[in-house]
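Residue strings, one per chain:
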Amino acid sequence: MDAGNLSVVSEFVLLGLCHSWTMQVLLLLMFFMLYLIIVFGNIAIIILIITDPHLHSPMYFLLANLSFVDMWLCSVTTPKMITDFVRENKTISFGGCMCQILFVHFFGGGEMVLLVVMAYDRYVAICKPLHYSTIMNLQKCIGLVLTSWTTGFVHAMSQMAVIVQLPFCGPREIDSFFCDIPLVIKLACIDSYNLGILMNADSGFPAMTCFIVLLISYSYILLTIRQSSKAGTSRALSTCTAHITVVVLFFGPCIFIYVWPLSITWVDKFLAVFYSVITPLLNPAIYTLRNKEIKTAIKRFRSYYIHHKGNI
């Protein structure tokens, strides 16, 4: 790389969500509480699944991994956003900006594939129940989770290989609360139109592919459930409905940001908040409130805790 390609911008300025001081204080309190709920809620699910033998099944193993990914996806951007609400100069270093891009796409790409894996798990459980324990064994589950992490890593590195080589020598204001590829590319000292389309396609194509695969998978599963008269139909339908809800909430904003040709700043900001904060918040609620086994496990944990405390 020659000297002309080296970035001369050492930091970027994040314009945040709003400029009103009163509104920033309200948002600070709101997002701080939401972040605590997300972190402790997902940690609680992970601990519950690890400690309760009744939840040692492929579906809950995948759910624990989803909670882990959600917790870190939120942690990449939210703490910085919260601290910026009380800072006059909302800056982020060049390295910090690149790290945000790397980890957002690492965890985001991994979650896309993980949701496909969870759909595959439900497909096997509902459409091939007699072979479920053979197909979805521990080794297969670990391999599928590792595939999701590897896919996220490859996707993130493919983005970083291009972004870090761009020359940044002029404007440095990012009209958002974190660094994302469409916004950072616009600041490069080159004609970035074609590059922006290419990089958005690098994110949009996997998102659209996973989303279409998920829609087809769950449509087939729901069709199978409809034709079934087994006793577990209601439970299977409830589980699939929860999964579909999560899929729509996660992929909707991602597809709009990276595939939709028009960019509307306030809409993009809202959707960025949605998939980086709201979705990790809703996932634990959707999976716990609609899942009888999780609620039963919580009761068992509470009873064990009270009994153990009473014997001290």
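Quantities reported herein were computed from a predicted structural model and do not represent experimental measurements.

K.L.:
I keep staring at the overall build of the protein and nothing clicks. Help me out?
P.N.:
On a plain count of helices and strands, the protein comes out with 10 helices and three strands. Tracing the protein from N to C terminus, the helices and strands come up as β-α-α-β-α-α-α-β-α-α-α-α-α. The C-alpha atoms of the protein give 21 Å as radius of gyration, which agrees with the globular expectation for 312 residues (20 Å, within 12%). In terms of its C-alpha atoms, the protein occupies a principal-axis envelope of roughly 65 × 45 × 30 Å.

K.L.:
Sorry, what's going on with the nonpolar core here?
P.N.:
Counting residues in hydrophobic clusters, the biggest one holds 77 residues, and the most contacted among them are Phe-31, Leu-63, Leu-115 and Phe-251. Listed by contribution, the elements that provide at least two residues to this core are α1 (21-51), α2 (58-84), α3 (94-127), α5 (138-163), α7 (193-227), α8 (233-258), α9 (265-289) and α10 (292-310). Membership of the second largest hydrophobic core comes to 21 residues, among which are Ile-163, Cys-179, Leu-195 and Met-199.

K.L.:
Explanation requested: the environment of Thr-22 in the structure shown.
P.N.:
Looking at the element boundaries, Thr-22 is found in helix α1. With relative accessibility at 55%, the residue Thr-22 sits in the exposed group. Considering only alpha carbons, one finds Thr-22 and Leu-144, 122 residues apart in sequence, at a separation of 46 Å.

K.L.:
Which parts of the structure should I look at to understand the packing of α2 against α3?
P.N.:
Geometry of a packed helix pair, given as the angle between the helix axes and the separation of the axes. α3 packs onto α2 with a crossing angle of 160 degrees between their chain directions and a minimal axis gap of 10 Å. When the axes of α2 and α3 are compared, the pair comes out roughly antiparallel. Between α2 and α3 lies a crossing of left-handed hand. A class-by-class count of the residues in the contact of α2 with α3 yields 16 nonpolar, four polar and five charged.

K.L.:
Even after reading the chapter, I still don't get empty space enclosed by the protein, so can you show me in this structure?
P.N.:
Over the atoms, a rolling probe the size of a water molecule traces out where space has been left empty. In total, this model carries three cavities of 30 Å³ or more according to the counting rule given. There is about 100 Å³ of room inside the largest cavity. The set of elements that each furnish at least two residues to the lining of the largest cavity consists of α3 and α8. Here the element with the most residues in the lining of the largest cavity is α3; it accounts for five residues. Residue composition of the lining of the largest cavity, by class: seven nonpolar, five polar and no charged.

K.L.:
How do you make sense of the state of the cysteines when you look at a structure like this?
P.N.:
Such a bond, covalent and formed between the sulfur atoms of two cysteines, is termed a disulfide. Scanning all chains against the criterion turns up two disulfides. Covalent S-S linkage joins Cys-97 and Cys-179, the inter-sulfur distance amounting to 2.1 Å. Residues Cys-97 and Cys-179 are joined through a disulfide that is left-handed, its torsion about the S-S bond being -125 degrees. Linking Cys-97 in helix α3 with Cys-179 in the loop between β3 (173-174) and α6 (181-185), this pair joins segments that are 82 residues apart in sequence.

K.L.:
Sorry if this is basic, but what is going on with the packing of aromatic side chains here?
P.N.:
Pairs of aromatic rings are described using the distance from one ring centre to the other and the angle between the two planes. Applying the stated rule across the entire model yields 17 aromatic pairs. Measuring from ring centre to ring centre gives 6.3 Å for Phe-68 and Trp-72, while their planes differ by 65 degrees; the resulting arrangement is edge-to-face. A residue pair is termed a helical-turn pair when its members lie 3 or 4 positions apart in one helix, as Phe-68 and Trp-72 do in helix α2 at four residues. By relative accessible area, Phe-68 is classed as partly exposed at 33%. Residue classification places Trp-72 among the partly exposed residues on the basis of a relative accessible area of 39%. An angle of 55 degrees between the planes, with centres 5.0 Å apart, marks the rings of Phe-177 and Phe-178 as tilted. Exposure class is identical for Phe-177 and Phe-178. Each is buried.

K.L.:
Honestly, the sheet that holds strand β2 (residues 91-93) in this entry has me stumped. Any pointers?
P.N.:
Hydrogen bonds between backbone atoms are what pair the strands of a sheet, whose relative direction is either parallel or antiparallel. The strand order β2-β1-β3 describes an open sheet built from three strands, whose pairing is mixed. Pairing within the sheet leaves two strands with one partner each, and these edge strands are β2 and β3. In terms of strand pairing, strand β1 (residues 11-14) meets β2 through three bridges, oriented antiparallel. The residue bridging Val-13 from the neighbouring strand is Thr-91, located in β2.

Cut-offs used in this document
Each chain carries its own residue numbering, running from 1 in the direction its sequence is written. Local features are withheld for residues below a pLDDT of 70 in this predicted model, meaning they are given only at 70 or higher, and side-chain atom pairs are given and counted only at 80 or more; totals for whole chains, interfaces and linings count all residues. With hydrogens and water excluded, all non-hydrogen atoms of the structure serve as input to the side-chain values. Strands here are runs of E lasting at least two residues and helices are runs of H or I lasting at least four, both read from the DSSP assignment and numbered beginning at the N terminus. Put simply, the radius of gyration uses C-alpha atoms, and a globule should come to 2.2 Å times the residue count raised to 0.38. In these notes, a set of buried Ala, Val, Leu, Ile, Met, Phe, Trp, Tyr and Cys residues joined through side-chain atoms within 4.5 Å is what counts as a nonpolar core. Burial classes: relative accessible area under 20% of the type maximum marks a residue as buried, over 50% as exposed, and values in between as partly exposed (1.4 Å probe, protein chains only). Geometry is summarised by axes, namely lines fitted to C-alpha atoms with helices restricted to the contacting stretch, and by angles between N-to-C directions that run from 0 to 180 degrees. Put simply, angles under 35 degrees are roughly parallel, angles over 145 are roughly antiparallel, angles from 65 to 115 are roughly perpendicular, and the rest are oblique. Each crossing is labelled by how the near helix is turned from the far one, with a counterclockwise turn of less than a right angle marking it left-handed and a clockwise turn marking it right-handed. Just so you know the grouping, Ala, Val, Leu, Ile, Met, Phe, Trp, Tyr, Cys and Pro go in nonpolar, Asp, Glu, Lys and Arg go in charged, and all remaining residues, Gly too, go in polar. Site definitions follow a grid-based scheme: protein atoms alone, a 1 Å grid, a 1.4 Å probe that fits but cannot get out for cavities, and for pockets an open set with protein on both sides within 12 Å along at least five of seven lines, plus lining residues having an atom within 4 Å of a point. Grid points are joined across faces, edges and corners, and a volume is the space filled by probe spheres set on the points. Two cysteine sulfurs form a disulfide in these notes if their separation is within 2.5 Å. Only Phe, Tyr and Trp rings are paired, with Trp represented by its six-membered ring, and only when their centres lie within 6.5 Å; those with planes under 30 degrees apart are stacked, over 60 edge-to-face, the remainder tilted. Each pair of strands is called paired provided DSSP finds at least two bridges between the two strands.

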